[in-house]
Amino acid sequence: MSRISRTWRSYPRIDSSEITPESVWLNRRNLMKTAAVAAGITAAGETVAQPKVLKDLNFSSAVANTPFKAGEDLTPYEAATTYNNFYEFGTDKSDPARYADAMTTDPWEIKVGGLVNKPGKLYLEDIVNGFDLEERIYRFRCVEAWSMVVPWIGFPLSKLLERFEPTSEGKFIEFKTLYRRSEMRGTRSFTSIIDWPYREGLRLDEAMHPLTLMTVGLYGKTLPNQSGAPLRLIVPWKYGFKNIKSIVEINVTDRQPKTSWQDLAPQEYGFYANVNPEVSHPRWSQAYERRLPSSLFNPNRVKTQMFNGYGEQVAGMYKGMDLANYY
Ligand code: MTE
């Protein structure tokens, strides 16, 4: 049980020099807010039909006491919510922000089953009322070699799983995204390559790890649809494609589940997908990343870190594994 009862508080040790002073942080937030309003971003964000239960939530206590700082500047809200991958709405980076509003997120039900003692369904309101929300500022690294730093709001996935009591045969977790063709233009496209619904998976110990977060918000607001509303997984030491959006189903399994990208191109996208600058993608190096916002003239290149900088907390889970093999 130690895996379950260890809390995240015992995890990342952050140097005090890494912690952004609150006044600087608040100032930066205000600046970002002003810039976002000027750019019409807030208005756009708020037109999203968010579930009422989330709209009414006050995220301020989650935001107020986070010990999680990435020690780096936040990616502006606009960049994080207009340059997205959410193939259900198209493959262009701008498609999700343009088309994901078509997805209805109220009511939202999540089914939890498989190898658990208490299978069942939860409405989003059960989830957000049942867990203390926290803000966590994490680095996020896409396998395509772009990255961002985002203040997510959520709760540890372990808290949710504990409620359903995985049995001793449970070794993996499988996640599925909503699949609703009528609202998801990307799934109707003749160029669509994914066998819907989008699926992802984790080993049970990874799912129970204190850094693994179920998120309902970012930047002090509810998740906009393009970011995976209303419930999305964030595993900060893994490539972006593991961070499955708009989750409706979670199963505990005894076998490694099939995942969408591994299914499509197993030689390019592995099940583990741990950020690793030493193991190149077959078509490009993973040694560097473009930190958003980036452009041709200002690529904003930074060095990629092993396990995306979370090695101290997670490397132990992969001891003895050849990470070039288990990519
Ligand atoms: N989840 C679903 N359901 N569909 C997707 O296409 N794309 C993944 C991941 N989760 C994807 C998804 C990929 S490839 C990445 S890089 C991240 O979402 C992007 O997250 P972001 O748009 O918030 O940056």
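Everything here concerns the structure above.
Only a predicted model underlies this, so the values are computations on that prediction, with no experimental measurement involved.

*Asks:* Describe a positive patch on the surface, and please don't skip the residues or the numbers.
*Replies:* On the surface, Arg98, Arg181, Arg185 and Arg188 cluster together into a patch of positive charge. Structurally, the position occupied by Arg181 is in the loop between strand 5 (172-177) and helix 10 (185-188).

*Asks:* Before we move on, could you go through the sheet that holds strand 10 (residues 247-253) and cite the residues and values that matter?
*Replies:* Across the sheet, 5 strands lie side by side as 2-1-10-5-6; this open sheet has mixed pairing. The open sheet is flanked by strand 2 (120-123) and strand 6 (199-203), the only strands paired with a single partner. With strand direction ignored, the average angle separating the axes of adjacent strands in the sheet is 20 degrees. Note that strand 1 (residues 109-114) and strand 10 share 4 bridges and pair parallel. Across the sheet, Gly114 pairs through a bridge with Val252, a residue of strand 10. Along the sheet face, helix 9 (residues 157-164) touches strand 1, strand 2, strand 5, strand 6 and strand 10 and points at about 135 degrees away from the line of strand 2.

*Asks:* Any details on the side chain of Lys176? Residues and values, ideally.
*Replies:* You can see Lys176 is positioned in strand 5. In this structure Lys176 comes out as buried when scored by relative accessible area, which is 17%. Discounting chain neighbours no more than four positions away, the residues touching Lys176 are Pro197, Tyr198, Arg199, Ile244, Ser246, Ile247, Val248, Glu249 and Asn251.

*Asks:* Describe the nonpolar core, listing the residues and the values that go with them.
*Replies:* Counting residues in hydrophobic clusters, the biggest one holds 89 residues, and the most contacted among them are Leu160 and Ile250. No other element matches strand 4 (residues 146-156), which puts 7 residues into this core. Beyond its immediate sequence surroundings of up to four residues, Ile250 is in contact with Ile110, Lys111, Val112, Gly113, Leu160, Leu161, Ile173, Glu174, Phe175 and Met214.

*Asks:* Give a description of the pattern of salt bridges that names residues and reports values.
*Replies:* Oppositely charged side chains may form a pair once their charged atoms are brought near each other. Taken as a whole and judged by the stated rule, the model has 15 salt bridges. In this structure, the salt-bridge partner of Lys258 is Asp263, at a minimum N-O distance of 3.8 Å. Accessibility expressed as a relative area gives 54% for Lys258, which makes it exposed. Residue Asp263 is classed as partly exposed on the basis of its relative accessible area of 41%. Residue Arg283 pairs with Glu268 through a salt bridge whose shortest N-O separation is 2.6 Å. You can see Arg283 sitting in the loop between helix 12 (260-264) and strand 11 (288-291) and its partner Glu268 sitting in the loop between helix 12 and strand 11, a full 15 residues away along the chain. The buried category is assigned to Glu268, whose relative accessible area is 16%.

*Asks:* So what's going on with the pairing of strand 4? Residues and values would help.
*Replies:* Most of strand 4 is tucked away, with 11 of its 11 residues classed as buried. Sheet topology places strand 3 (residues 134-141) next to strand 4; 8 bridges connect them, and they run antiparallel. Looking at the pairing, Phe140 lines up with Met148 of strand 4. Between strand 3 and strand 4, which pair antiparallel one after the other, the connecting turn spans 4 residues, and Ala145 there sits at a positive phi close to 75 degrees. The pairing of strand 4 with strand 7 (residues 213-218) spans 5 bridges and is classified as antiparallel. Its bridge partner being in strand 7, Pro156 is matched across the sheet by Leu213.

About the criteria used
Residues numbered from 1 in each chain as written. Predicted model: local features only at pLDDT ≥ 70, side-chain atom pairs only at ≥ 80, totals over all residues. Heavy atoms only, no water. Patch = residues over 30% accessible without salt bridge, like charges linked within 9 Å, V, L, I, M, F, W, Y side chains within 5 Å. Areas by Shrake-Rupley, 256 points an atom, 1.4 Å probe, with all protein chains shown as cover. Salt bridge = Lys/Arg side-chain N within 4 Å of Asp/Glu carboxyl O. Lys, Arg positive; Asp, Glu negative; His and termini not counted. Charge placed at Lys NZ, Arg CZ, Asp CG, Glu CD. Helix = DSSP H or I, 4+ residues; strand = E, 2+ residues; numbered from the N terminus. Pairing = 2+ DSSP bridges. Axes fitted to C-alpha atoms, helices over the stretch in contact; angles between N-to-C directions. Contact = heavy atoms within 4.5 Å. Buried < 20%, exposed > 50% of the residue type's maximum accessible area, 1.4 Å probe, protein only. Core = buried A, V, L, I, M, F, W, Y, C linked by side-chain atoms within 4.5 Å.

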